[in-house]
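# Coordinate analysis (summary)
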Amino acid sequence: MMAAAINSTTPETDISQALIIRRHGLATRLTHWLWALALFFLLLSGLQIFNAHPTLYLGQQSGFAFDNGVLSISAARTQDGEVRGVTTLLGRGVDTTGVLRVSGAADRRDYRAFPAWLTVPSYQDLATGRVIHFFFAWLFATVFLVWLVASLINGHLWRDILPSASDISGLPRSFVNHVRFRFDHGRSYNGLQKLSYAAVLLVFFPLMILTGLTMSPGMDAAWPWLIDVFAGRQTARTIHFVVMLLLVGFFAIHIFMVFAAGPINELRSMITGRYRIDSEAQRKEAGQ
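Computed from a prediction, not measured in an experiment: that's the story for all the values here. Residue numbers restart at each chain and count upward from 1, following the sequence in its written direction. Where totals are concerned, whole chains, interfaces and linings use all residues; where local detail is concerned, this predicted model gives features only for residues with pLDDT of at least 70, and gives and counts side-chain atom pairs only at 80 or more. The side-chain numbers reported here are obtained from all heavy atoms of the structure, hydrogens and water having been left aside.

On to the sheet that holds strand E6 (residues 92–95), then. The 4 strands are arranged E3-E4-E5-E6 in an open sheet whose pairing can be described as antiparallel. Looking along the sheet, the strands with just one partner apiece sit at the ends: strand E3 (55–57) and E6. Going from strand to strand, the sheet's axes swing by 25° on average, the running direction of each strand aside. Here 4 bridges tie strand E5 (residues 83–89) to E6, and the two strands are oriented antiparallel to one another. The partner of Thr87 across the bridge, within E6, is Val94. Only heavy atoms enter the contact rule, under which two residues are in contact if any of them lie within 4.5 Å. Where helices are involved, their axes are fitted lines through C-alpha atoms of the stretch in contact, as for all axes, and angles between N-to-C directions lie from 0 to 180°. Numbering of helices and strands runs from the N terminus, with a helix taken as a DSSP run of H or I at least four residues long and a strand as a DSSP run of E at least two residues long. Along the sheet, helix H9 (residues 233–261) contacts E3 and strand E4 (69–77); its crossing angle with E3, the most-contacted strand, is approximately 120°. Only strands joined by at least two bridges in the DSSP assignment are considered to pair.

Shown next as structure tokens:
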């Protein structure tokens, strides 16, 4: 899902003023693609589970007797008898017919919060969705634990993920360069990249794991403090959903930036580990 750590910068060859380095080690590449696989199925199976009760709440309990809903994807019938999809956020409803809750062709309407093409399985099956979701959730958590331990041991976390003081001070310039599509193909990540990856790896991923555990009755019995940390199981479910949206947004931006920065070079670095660094003369010629 993301271009992860820079484990080595040993030059391998120098052809036409372009330096080829080994940017990503095997462990980095494996965890990257395992995360991508796990998150793909977690997203689609998670939406399948959400469809069973497409409403989010705050607190510990939910139901008709409680006024703690924050998001609802429902259907409403108009005066002329037409069924429309309505998404309500903090009490304000928006017609989302054709996208959420009511979608598909007029003669084959799909009355689910998220349409069939966004769920695994495509048909409504909560039990199968839960099995798939839990399998890839444990895969995701295991890979994260392996990555975290390895990163602490080899120093990758401090060296390549956590932004330094100079990285923070250079954030405005880094942001402007990204907006102008002026990319520095260097040996290490810039401050904006480090800050983004740190947020995903050290905030979003742990939140996904912990809020997922909080929703499990078994884990509530083993670790009852989880419910207190997240102010209730329903709040944990809402946070889980919000972080999912943030990760989808990050993924979309990440893929866009990969293509903007040079997809062949970026993908090669995450498949083979090799990354091309252009010379200063080549960068100036390219207008970067």
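What follows covers the confidence of the model for the protein chain. What pLDDT reports is the predictor's confidence in each residue, on a scale of 0 through 100. Summing up the model confidence of the protein chain, the mean pLDDT is 86 and the portion of residues at 70 or higher is 88%. Every residue in residues 1–15 scores below 50 in pLDDT, and together they form 65 contacts with partners more than four places removed in sequence or on other chains. Note on residues 281–288: pLDDT is under 50 here. Beyond four places in sequence and across chains, it has 12 contacts.

Attention now moves to the nonpolar core. Considering soluble globular proteins, one finds that nonpolar side chains tend to be buried as a cluster. Among buried residues, the Ala, Val, Leu, Ile, Met, Phe, Trp, Tyr and Cys ones that are joined through side-chain atoms within 4.5 Å form a nonpolar core. Burial classes follow relative accessibility: with a 1.4 Å probe on protein chains only, a residue under 20% of its type's maximum area counts as buried, one over 50% as exposed, and anything between as partly exposed. In terms of nonpolar packing, the biggest core is built from 43 residues, with Trp35, Phe114, Phe140 and Phe205 touching the most fellow members. Contributions of two or more residues to this core are made by helix H1 (26–51), E4, helix H2 (126–154), helix H3 (156–161), helix H6 (191–214) and H9. With 9 residues, the top contributor of residues to this core is H6.

This brings us to the pairing of E4. Successive side chains on a regular strand alternate, one facing one side of the sheet and the next facing the other. Strand direction decides the pairing type here: E3 and E4, joined by 3 bridges, are antiparallel. Bridge pairing in E4 links Leu56 to Leu71. Pairing of E4 with E5, which is carried by 7 bridges, proceeds in the antiparallel orientation. Considered in E5, the bridge of Ile73 is made with Thr87. Hairpin connection between E4 and E5: a loop of 5 residues separates the two successive antiparallel strands, and Gly81 in this loop has a positive phi of roughly 95°.

Buried within helix H10 (residues 263–271) we find Asn265, Glu266, Ser269 and Met270. Projection of H10 onto a plane perpendicular to its axis shows the buried side chains occupying an angular sector of 125°, all on one side. Summarising the geometry of H10, the exposed residues directed more than 90 degrees from the buried face are Ile264 and Ile271. Residues of H10 that are buried sit in contact with H1, H9 and strand E7 (274–277). Phi turns positive one or two residues past the end of H10, at Gly273, with a value near 95°. The reported arc concerns the directions from the helix axis to the C-beta atoms and nothing else.

On to helix H5 (residues 171–179), then. What H5 keeps buried is the set Leu171, Ser174, Asn177 and His178. The arc that holds every buried residue of H5, seen down its axis, measures 125°, which confines them to one face. Opposite its buried face, H5 presents the exposed residues Pro172, Arg173 and Val179, each directed more than 90 degrees away. Packed against the buried residues of H5 are helix H4 (165–169), H6 and H9. Of the residues flanking the end of H5, it is Phe181, one or two places downstream, whose phi is positive at about 60°.

Moving on: the pattern of salt bridges. We define a salt bridge as a contact between a side-chain nitrogen of Lys or Arg and a carboxyl oxygen of Asp or Glu at a distance within 4 Å. This structure, assessed with the given rule, holds 6 salt bridges. A salt bridge links Arg84 to Glu82, with the nearest nitrogen and oxygen atoms 2.8 Å apart. Two residues, Arg233 and Asp220, come together in a salt bridge whose shortest N-O distance is 2.2 Å. Taken together, the residues Arg233 in helix H9 and Asp220 in helix H7 (residues 217–222) connect sequence positions 13 residues apart. Taking the relative accessible area as the measure of exposure, Asp220 reaches 9% and is therefore buried.

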